Amino acid sequence: SAGDIVNKALQKVAEACVVDADIVTLCELGDKILEEETGKLYNKKDKDGKKIEKGIAFPTCVSVNELVGHFSPMKGESRQLKAGDVAKIDLACHLDGFIAQAAHTVVVGGDKVEDKRANVIMAAWTAAEAALRLVQVGNTNTKVTEAFAKVAEEFECKPMQGVLSHQLKKFVIDGNRTIISAETTEEKVDEFEFELNEVYCLDVVMSTGEGKGREAEIRHTVYKRAPDAMYSLKTQKARQFISEVGKRFPALPFSLRHIEDEQVARVGVSEAKRHELLEEYPVLKEKDGEVVAQFKFTVLLLPGGTKKITGLALGDLEKQLAPSCSVKDEELKKLLATSANPKKSKKKKSKDDKKDDEEK
């Protein structure tokens, strides 16, 4: 399934995050696995003779230390990983428009980590574990946001402002129902209750700094076609660019690295942006010297409970990290101690059983 493919790609890229690894190479590796693995499935045409659309739903990004996300550089604008770097890997694929997303954080090199990096990674992991238990039918999105704030406080971190966890729908990666990472006076979202059979991508991002991202002076390379915008572009290269985007990435995000001709990508993107044909995923950063950690996973709200279908286990990080903070809050401890596995669906009840239930 899409979830298994995402986890496989995430695992492989995480294993390749070694000292001196080149970020472009890592991004290409993730994208290649997503393309190859989705390419093996559903190759029969449907009854109208159409092929099922599938492939990358969010290009592989590897964002290090103070970079918050969306770093998926072009060749020649890359960086190498260094020992001790905190690298966040983020990617997604889809099968027939059904999207699975995930992100994971690794510390490059095997050294033990005892400073604020350990605290911020454990803050993100703990908040993700809390969110998994709170995104349940009948609960509200505000409960999740409150839990993020509580966990951050325990680990002396801040949730990253501006980060949204979106509902996922077919071919829609940024559904209208959202959980906000941190409420501010400018940034609020409407409260709602989670409902049965919804799908969410939970994006948990914590920072050792103020939790405020600013645009980095780095080329932004991740874009998505703005759904309803139309404009006839002037230059031939820009027209070629937007036509390729329309054919290959009509609804979901892509990286400029995916465009066949780099020159076309560079020229086309600025004109397409000027006429608001693209939505941009900017590379944001915290203050230099700060560290940002992220875990992201996709959940399905099923009758038996909420099921997590993507995301890696903490794995080696557990041995590598020695945080100085831990969860002291009793309510949080209680929440984290509950099981996050959905119940297996029981056999259908007989009429008599149902009657009993109704009478109770």
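Position numbers for residues start from 1 in each chain and track the written sequence from start to end. Selection of residues for local features in this predicted model requires a pLDDT of at least 70, selection of side-chain atom pairs for listing and counting requires 80 or more, and totals for whole chains, interfaces and linings are taken over all residues. Note: side-chain values were computed over all heavy atoms of the structure, leaving out hydrogens and water.

A. Spotlight on the side chain of Gln167. Among the structural elements, Gln167 can be located in the loop between β6 (164–166) and β7 (178–180). Since its relative accessible area comes to 8%, Gln167 is described here as buried. Two residues qualify as a contact provided that any one of their heavy atoms is within 4.5 Å of a heavy atom in the partner residue. If near-sequence neighbours (up to four positions away) are discounted, Gln167 is found in contact with Val172, Ile173, Asp174, Gly175, Arg177, Glu198, Val199 and Tyr200. Only DSSP runs of H or I with at least four residues qualify as helices, and only runs of E with at least two residues qualify as strands; both kinds are numbered from the N terminus onward. Relative accessibility under 20% of the residue-type maximum defines a buried residue, over 50% an exposed one, and the middle range a partly exposed one, all with a 1.4 Å probe and only protein chains included.

B. The arrangement of the sheet that holds strand β9 (residues 214–215) in detail. DSSP bridges decide pairing: two strands pair if at least two such bridges lie between them. A sheet is described by the order of its strands in space; here three strands give the open sequence β2-β13-β9, paired in antiparallel fashion. Both edges of this open sheet fall to β2 (67–69) and β9, since each of them pairs with a single strand only.

C. Here's a closer look at the packing of helix α3 (residues 116–134) against helix α4 (residues 141–154). Note on method: axes are straight lines fitted to C-alpha atoms, helices fitted across the in-contact stretch only, with angles between N-to-C directions ranging 0 to 180 degrees. α4 packs onto α3 with a crossing angle of 155 degrees between their chain directions and a minimal axis gap of 9 Å. On the basis of their axis angle, the class for α3 and α4 is roughly antiparallel. The element α3 and its partner α4 pack so that their crossing is right-handed. Two secondary-structure elements touch here, α3 through Ala123, Thr126, Ala127, Ala130, Ala131 and Leu134 and α4 through Lys143, Val144, Ala147, Phe148 and Val151. When grouped by side-chain class, the residues that make up the contact of α3 with α4 number nine nonpolar, one polar and one charged. Roughly parallel means an angle under 35 degrees; roughly antiparallel, over 145; roughly perpendicular, 65 to 115; everything else is oblique. Take the far helix as the reference: if the near one is turned anticlockwise from it by less than a right angle, the crossing is left-handed, and if turned clockwise, right-handed. Residues are sorted three ways: Asp, Glu, Lys and Arg are charged, Ala, Val, Leu, Ile, Met, Phe, Trp, Tyr, Cys and Pro are nonpolar, and all the rest, Gly among them, are polar.

D. Spotlight on the environment of Glu186. Along the polypeptide, Glu186 turns up in the loop between β7 and β8 (199–207). The class of Glu186 is exposed, set by a relative accessible area of 70%. In this structure the C-alpha to C-alpha distance between Glu186 and Gly162, which are 24 residues apart in sequence, comes to 10.0 Å. In the analysis that follows, any N or O atom pair within 3.5 Å is treated as a polar contact, provided that within protein one partner can donate a hydrogen and the other can accept it, and provided that, for residues neighboring in sequence, both atoms belong to side chains. Here Thr185 takes part through its side chain, which lies 2.9 Å from a polar atom of the side chain of Glu186.

E. Up close: the pairing of strand β3 (residues 86–95). Burial within β3 is extensive, with 10 of its 10 residues counted as buried. Going residue by residue along β3, you find Val86, Lys88, Asp90, Ala92 and His94 tucked away on one face and Ala87, Ile89, Leu91, Cys93 and Leu95 tucked away on the opposite face as well. Of the strand pairs in this sheet, strand β1 (residues 54–64) and β3 are connected by eight bridges, and their pairing is antiparallel. What sits directly across from Val62, in β3, is Ile89. In the sheet, β3 pairs with strand β4 (residues 98–107) via 10 bridges, with the strands oriented antiparallel. From the neighbouring strand, Leu95 faces β4, where its bridge partner is Phe98. Between β3 and β4, which pair antiparallel one after the other, the connecting turn spans two residues, and Asp96 there sits at a positive phi close to 55 degrees.

F. Geometry of the sheet that holds strand β11 (residues 254–255). Pairing is antiparallel in the open sheet, where three strands are placed in the order β11-β10-β12. If you trace the sheet from one side to the other, it starts and ends with β11 and β12 (278–281), each paired once. Here strand β10 (residues 222–225) runs beside β11; their pairing, made up of two bridges, is antiparallel. Considered in β11, the bridge of Val222 is made with Ser255.

G. Structural detail: the packing of aromatic side chains. Centre distance within 6.5 Å is the pairing criterion for rings of Phe, Tyr and Trp, where only the six-membered ring of Trp is used; planes under 30 degrees apart are then read as stacked, over 60 as edge-to-face, and the remainder as tilted. The final tally for this structure, using the stated rule, is seven aromatic pairs. Taken together, a centroid distance of 5.3 Å and an interplanar angle of 85 degrees make the contact between Phe192 and Phe194 edge-to-face. Pair check on accessibility: Phe192 and Phe194 agree, each one buried. When the centroid spacing of 5.0 Å and the interplanar angle of 15 degrees are considered together, the rings of Phe249 and Phe254 count as stacked. Judged by its relative accessible area of 10%, Phe249 is buried. Put simply, the rings of Phe192, Phe194 and Tyr200 pair up and form one aromatic cluster. One residue, Arg79, lies across the ring of Phe71, its end atom 5.3 Å from the ring centre. Over the face of the ring belonging to Phe58 we find Lys296, whose NZ or CZ atom lies 5.6 Å from the ring centre. In this scheme, Lys NZ or Arg CZ marks a charge over a ring once it lies within 6 Å of the ring centre and within 35 degrees of the ring normal.

So far we have only geometry, and geometry alone does not tell us how the molecule works.
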